[in-house]
Number of protein chains: 2
Amino acid sequence: MLSRAVRIVEAFGPGDTALTVTEIARRSGLHIATASRLVEELGSFGWLQRDEERKVRIGVRMWEVVSRASPTLSLREAALPVMEDLHAIVGQHIQLGLMEGDEVLFVERLTAPGAVINYTRVAGRLPLHASSSGLLLLAYAPPAQQERIMARPLEVFTEKTISTSSQLRSALAEVRRQGYALLAGHLHPDATGVAVPVRDPAGKVVAALAIIVPNDDTARSRIAVLQAASGAVSRAMKYPAPPNP
Amino acid sequence: MLSRAVRIVEAFGPGDTALTVTEIARRSGLHIATASRLVEELGSFGWLQRDEERKVRIGVRMWEVVSRASPTLSLREAALPVMEDLHAIVGQHIQLGLMEGDEVLFVERLTAPGAVINYTRVAGRLPLHASSSGLLLLAYAPPAQQERIMARPLEVFTEKTISTSSQLRSALAEVRRQGYALLAGHLHPDATGVAVPVRDPAGKVVAALAIIVPNDDTARSRIAVLQAASGAVSRAMKYPAPPNP
C-alpha cells in the first residue's frame, strides 16, 4: 500500500508538473482503478491536487512539509547569500550540487536572463563525468565509487566529453591537484562549467559550487572569486547566522 | 496505513529538520513500534533518512521528487529573476507568498546579510491579518473568506497589529483602493512590509510580492519599483522563457 503510494508520487519525472491519472497508472505500473483511488486518497491529505484541467499535481501541503524540513536546508541557507553576492559579480548561472547516488543533484541555482545555455535545474541531475560539478564531487569521492563509474560506459554529449576510463582517471587527478574542475564544452559546445569544493566544518567535501559561463577565455579568470565564495559558504556552515526569533 | 505514513512525515513542523522516532511517535499519535516500522519503510524508499545521530530527516529522494514537480514551480520560475533584480536595487528581504488555507505561505525569499528583522522563511506561514502579504491576499480573496477571518479572534503581535474586525474591514478596503498593502510595525516594531499583487494572465491575484524594510520613511518610496516588478512577473507568466533544451 505504502510502496504503491510512493510509486504514484515518483511517477512525476523531471519537468512533469501535471500528469493525468492514466499517465500515472502507466508509469507506476498500477491498475488505473488502483492509481485513481490512491490519487484521491493522497489528495485528501493535500499531498496531491487536481488543476483546472483535472490533471494531478504535487500538492502545496506536501511541498510545504518537505521544503521546510529539507535535508539540504542548512547547506542551502549557508550558500544562498553567498551565491547571491557571486551572482551580482559574475552574472550567468551559479549552482550548488551534491552527490546523490552516482549523479550530481542540484539543490540551488541562480540564473540570469540572457545567460549562456545551461542544462541544470533545481532538483535536476547530471552525470558525474560530464559536468564540472559532477567531476569535482567524484574527484573527492571514495575510490570505490570512482572505480565503479570508470567501469561503466560514459555517455557522450559533445566531442569534448570525457568518454574513456583513462581520460576520466587523469581528469580526476587533475581536479585534486588544482582544487577545481573546469570543463569547456563537455556537455554543450557553447558552455563552460567551473566547480570548486564546499567543505563542511570537518573539512569533508559536501557540495560543489559552480558557475556556467560562455565557452570563451573568461572562465579561468573566475576561479579565484569562486574559491573565495566557497570558503565563505564553509565558514557560514561553521558559524551559522542566528535564526530569526 | 497511508494516513499513518502521512502523519509520520507531517510530524516535521516548521524548523524541524531532524526528529527522534520517539518525537515522531508522540507528534503523530502512533505507537512507537508502529512509528519505528513506518520510518524504516519510508526510509527504504529514500523518503526519510537517518543522520549520524540516528535522528530522522526528510530524505533527499523525497525532496527531489517534490521540488522538481513543485506546485509553485511556474510561479517561482517567473518570479525569481525579477526578485533577483529587485533585490539588487532594494536589498533587504524580497518574498513571494500565496494563500494557503487561511494563512500566507511563503514559497520564495531572497534576503541580505544585515537586513532588518524578518519572521518569514521559505515554506513558512504567517497570519493573513498581521503581514503585508497576508493582508494583500485577503483583500483580493472571496468575501466569504474575508468574513471568516473577521469573525475570528485576531492574534496581536505589537501595539500596531490589526486586532478588531472593523479595523480589518477598513484595512482591506484601503488595500483594494491603493493596490498595495503597507504595514509598519504590525508584526515586529522594527519592520515594515510592503506587498503588491501578482496577477496571472487572466488578471486574477495569485500571489503577493513583498519587501520587508526598516521601519522608517523609505518604505513608501519603494512602492513604484515593487509594482513594476510584480508587473514583470505577471508578464513572465504570460510569456514564459523557452525551457532549457
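Preceding this section is the structure that the text describes.
As the structure is a prediction and not an experimental result, all values here were calculated from the model.

Chemist: What am I meant to see in the overall build of chain A here?
Modeler: Check the secondary structure of chain A and you find nine helices and eight strands. Each principal axis of the C-alpha atoms in chain A carries an extent, and together these give about 55 × 50 × 40 Å. In the structure as shown, chain A presents an accessible area of about 10,700 Å², 52% of it carried by carbon and sulfur atoms. Charge centroids of chain A, computed over 27 positive and 24 negative side chains, lie 5 Å from each other.

Chemist: Help me understand helix H2 (residues 21–28) of chain B, please; the structure alone is not making it clear to me.
Modeler: In an α-helix there are 3.6 residues to a turn, and that puts residues three or four apart on one side. Residue and element names in this part refer to chain B. Turning to H2, its buried residues are Val21, Ile24, Ala25 and Ser28. Along the axis of H2, the buried positions cluster into a sector of 100°, meaning they face one direction only. For H2, the secondary structure elements touched by its buried residues are helix H1 (2–10), helix H3 (32–44), strand E1 (48–50) and strand E2 (56–58). Among the residues trailing H2, Gly29 stands out with phi positive, at a value near 70°.

Chemist: Got a minute to help me understand the interface of chain A and chain B in this structure?
Modeler: Accessible area lost during the coming together of the parts is what is often quoted as the interface size. Listed by partner, the interface residues are 57 residues for chain A and 57 residues for chain B. When chain A packs against chain B, the two sides together hide about 5,200 Å² of surface, and 65% of this comes from carbon and sulfur. For the interface between chain A and chain B, the tally reads four salt bridges. The residue Glu10(B) makes a salt bridge to Arg61(A) at a minimum N-O spacing of 3.1 Å.

Chemist: What is the right way to look at the sheet that holds strand E7 (residues 191–199) of chain A in this model?
Modeler: Pairing between sheet strands relies on hydrogen bonds along the backbone, with the strands arranged either parallel or antiparallel. Strand order in the open sheet formed by six strands is E5-E4-E3-E8-E7-E6 (chain A), with antiparallel pairing between adjacent strands. One side of each edge strand has no neighbouring strand; the edge strands of this open sheet are strand E5 (125–127) and strand E6 (181–184) of chain A. Neighbour-to-neighbour, the strand axes of the sheet open up by a mean angle of 30°, direction not taken into account. Relative to strand E8 (residues 205–214) of chain A, E7(A) runs antiparallel, the two being bridged by nine bridges. Residue pairing in the sheet places Val196(A) in a bridge with Leu209(A) of E8(A). Lying over the sheet, helix H4 (residues 60–68) of chain B contacts strand E3 (93–100), strand E4 (103–110) and E5 of chain A, oriented at roughly 50° with respect to E4(A).

Chemist: Honestly, the environment of Met1(B) in this entry has me stumped. Any pointers?
Modeler: Relative to the elements of secondary structure, Met1(B) occurs in the segment before H1. We classify Met1(B) as partly exposed; its relative accessible area is 38%. Spatially, the C-alpha atoms of Met1(B) and Leu38(B) are 9.0 Å apart, while their sequence positions differ by 37 residues. In this view, Met1(B) contacts Met1(A), Leu2(A), Arg37(B), Leu38(B) and Glu41(B); residues no more than four positions away in its chain are not counted.

Chemist: What's the story with the relation of the copies chain A and chain B in this structure? I'm lost.
Modeler: Overlaying chain A with chain B gives an RMSD of 0.1 Å, the required rotation being 180° about an axis along which the chain moves by 0.0 Å. On this basis, the relationship between the two copies can be described by a two-fold rotation axis. It is Leu2(A) whose C-alpha, among those of chain A, lies nearest the rotation axis, at 2.9 Å.

Chemist: Sorry if this is basic, but what is going on with the pattern of salt bridges here?
Modeler: Side chains that carry opposite charge are capable of pairing whenever their charged atoms lie near each other. Following the criterion strictly, the structure yields 20 salt bridges over all chains and no others. As a salt-bridge pair, Glu40(B) and Arg50(B) come within 2.6 Å of each other at their nearest N and O atoms. Of this pair, Glu40(B) sits in helix H3 while Arg50(B) sits in strand E1, and the two are 10 residues apart along the sequence. What makes Glu40(B) partly exposed here is its relative accessible area of 44%. Residue Arg169(B) is joined to Glu147(B) by a salt bridge in which the shortest nitrogen-to-oxygen separation is 3.2 Å. Taken together, the residues Arg169(B) in helix H8 (residues 165–178) and Glu147(B) in helix H7 (residues 143–150) connect sequence positions 22 residues apart. On the basis of relative accessible area, Arg169(B) is assigned to the partly exposed category, the value being 44%. The exposure class assigned to Glu147(B) is partly exposed, which follows from its relative accessible area of 38%. Beyond isolated ion pairs, a larger network of salt bridges with shared partners links Glu10(A), Glu103(A), Arg125(A), Arg61(B) and Glu64(B).

Chemist: Is there a simple way to explain the packing of aromatic side chains in this structure?
Modeler: Following the criterion strictly, the structure yields zero aromatic pairs over all chains and no others. Here the guanidinium or amino end of Arg199(A) rests over the ring plane of Tyr140(A), the centre of that ring lying 5.4 Å away.

Chemist: Would you take a moment to explain unusual backbone geometry for this structure?
Modeler: As a rule of thumb, non-glycine residues mostly have phi less than zero, and peptide bonds are mostly trans rather than cis. We note that Arg54(A) has phi near 70°; this positive angle belongs to a residue other than glycine. Examined against the element boundaries, Arg54(A) turns out to sit in the loop between strand E1 (48–50) and strand E2 (56–58).

Chemist: I'm lost on the sheet that holds strand E3 (residues 93–100) of chain B in this one. Help?
Modeler: All names here are of chain B. Reading across from one edge, E5-E4-E3-E8-E7-E6 is the order of the six strands in this open sheet, with antiparallel pairing throughout. Each edge of the open sheet is held by one strand with a lone partner, namely strand E5 (125–127) and strand E6 (181–184). Here the average twist between neighbouring strands, direction ignored, is 30°. As defined by bridge partners, E6 adjoins strand E7 (residues 191–199) across four bridges and the pair is classed as antiparallel. Note that in E7 the partner of Leu182 across the bridge is Val194.

Each value, and the rule that gives it
Within each chain, residues carry numbers counting from 1 in the order of the written sequence. Key to labels: chains lettered from A, ligands numbered from 1, both in the order written. For a predicted model such as this one, the threshold for reporting local features is a pLDDT of at least 70, and the threshold for listing and counting side-chain atom pairs is 80 or more; totals across whole chains, interfaces and linings nevertheless cover every residue. No hydrogens and no water enter the side-chain calculation; it runs on all heavy atoms of the structure. Runs of E in the DSSP output that reach at least two residues are strands. Runs of H or I that reach at least four are helices, and both are numbered from the N terminus. Computed with a 1.4 Å probe, the accessible areas rest on the Shrake-Rupley method; for each residue, only the protein chains presented here act as cover. For this count, His and the chain ends are skipped, Lys and Arg are scored as positive, and Asp and Glu as negative. A charged residue contributes its charge at one atom only: NZ of Lys, CZ of Arg, CG of Asp or CD of Glu. Type-normalised accessible area, obtained with a 1.4 Å probe on protein chains alone, sets the label of each residue: buried when under 20%, exposed when over 50%, and partly exposed for intermediate values. Comment: arc refers to directions from the helix axis out to C-beta atoms. Contacts are assigned to residue pairs with any non-hydrogen atoms lying within 4.5 Å of each other. What gets called buried area is simply the loss in accessible area from a 1.4 Å probe that two parts show on being joined, summed for both. Here, a salt bridge means any side-chain nitrogen of Lys or Arg that lies within 4 Å of a carboxyl oxygen of Asp or Glu. By definition, two strands form a pair when at least two bridges between them are found by DSSP. An axis is simply a line fitted to the C-alpha atoms; with a helix, the fit covers only the stretch in contact. Between two such axes, the angle follows the N-to-C directions and lies from 0 to 180 degrees. For this overlay, a least-squares fit was computed on C-alpha atoms, restricted to residues scoring pLDDT of at least 70 in both copies. Aromatic pairing here means that ring centres of Phe, Tyr or Trp (its six-membered ring) are within 6.5 Å. Orientation follows from the plane angle: under 30 degrees is stacked, over 60 is edge-to-face, and everything else is tilted. Both a distance and an angle decide whether a charge sits over a ring: NZ of Lys or CZ of Arg must be within 6 Å of the ring centre and within 35 degrees of the ring normal.

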